[in-house]
Every structure is written in structure tokens, then in C-alpha cells.
Amino acid sequence: PEPYSNCKNIDINSIEYSDYRILILQANLSYQQEICFKYCKQKMLIKNCSCYSLDLPYISGHRPCFTYNDFFCSATFQITHYKIEECYESCPVKE
């Protein structure tokens, strides 16, 4: 239940968890679940729309959402995927 994760054992060495942890550390930020959610959401948006949102943390190696189709995809994704279950599973409350 909120505000906690689903009480699953999360391996901090797992690829997905460490990806977000590395991104957060590269941005010189300390781990917070909310920051992890934003990186997770950005990664999922990139996967679905092939571009990144300027409203979410930057992930290198991708192009920004600039065209009409990009904005439409990004806006639709963010509205329909406000809470992404995968992000709750990948972003524990505390590191």
C-alpha cells in the first residue's frame, strides 16, 4: 500500500534497479523514490514514443519530443500512464 512499495524483495544489483540508481547518481542527486519514478517514466516514454519529455529528467542518447506527433504521443502517454506499476516495483521507498 502507498507510500510503500509492494513489499517485494528488490535486488539492488538487478539491472533495472541499478539503471535508475546510476542515472540518479550521474545527475549528482541523492536517491529519492519520486526521482526514481520520474526516471522510470521517462524511460518508458522513450520506449513508447522514441523521444524524451523535457518535463522529465534527461536521459542521454535520445532525441527530445519536438514534433506534433511527439507531443501528442508524450501527452497521451503521460495522461494514460500517470501511475506506472512497473515504476513502483523498480523504485523502492529507500535505497
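Report follows, based on the coordinates. Since we're looking at a predicted model, the values are computed, not measured.

## Considerations on the side chain of S74
Mapped onto the fold, S74 is located in helix α3 (residues 68-80). Given a relative accessible area of 7%, S74 falls into the buried group. With sequence-adjacent residues up to four places away left out, S74 is seen in contact with L45, C49, S53 and C65.

## Some points on the packing of helix α2 (residues 33-49) against α3
Interhelical geometry of α2 versus α3 gives an angle of 130 degrees and a closest axis separation of 10 Å. Judged by the inter-axis angle, α2 sits oblique to α3. The crossing of α2 and α3 is right-handed. Contact residues: α2 offers K41, M44, L45, N48 and C49, while α3 offers D70, C73, S74, F77 and Q78. Of the residues in the contact of α2 with α3, the class split is 5 nonpolar, 3 polar and 2 charged.

## Focus on α2
For α2, built from 17 residues, the straight-helix expectation of 24 Å at 1.5 Å per residue is met to within 8% by its first-to-last C-alpha distance of 24 Å. In terms of burial, α2 is a largely internal element, 12 of the 17 residues being buried. Every buried residue belonging to α2 is among Q33, I35, C36, F37, Y39, C40, K41, Q42, M44, L45, I46 and C49, and all of these are buried. In the stretch just after α2, S50 is the one whose phi turns positive, near 60 degrees.

About the cut-offs
Residues numbered from 1 in each chain as written. Predicted model: local features only at pLDDT ≥ 70, side-chain atom pairs only at ≥ 80, totals over all residues. Heavy atoms only, no water. Helix = DSSP H or I, 4+ residues; strand = E, 2+ residues; numbered from the N terminus. Buried < 20%, exposed > 50% of the residue type's maximum accessible area, 1.4 Å probe, protein only. Contact = heavy atoms within 4.5 Å. Axes fitted to C-alpha atoms, helices over the stretch in contact; angles between N-to-C directions. Parallel < 35°, antiparallel > 145°, perpendicular 65-115°, else oblique. Left-handed = near helix turned anticlockwise from the far one by under 90°. Nonpolar A, V, L, I, M, F, W, Y, C, P; charged D, E, K, R; others polar. Expected span 1.5 Å × (residues − 1).

Shape descriptors only; they carry no functional weight alone.
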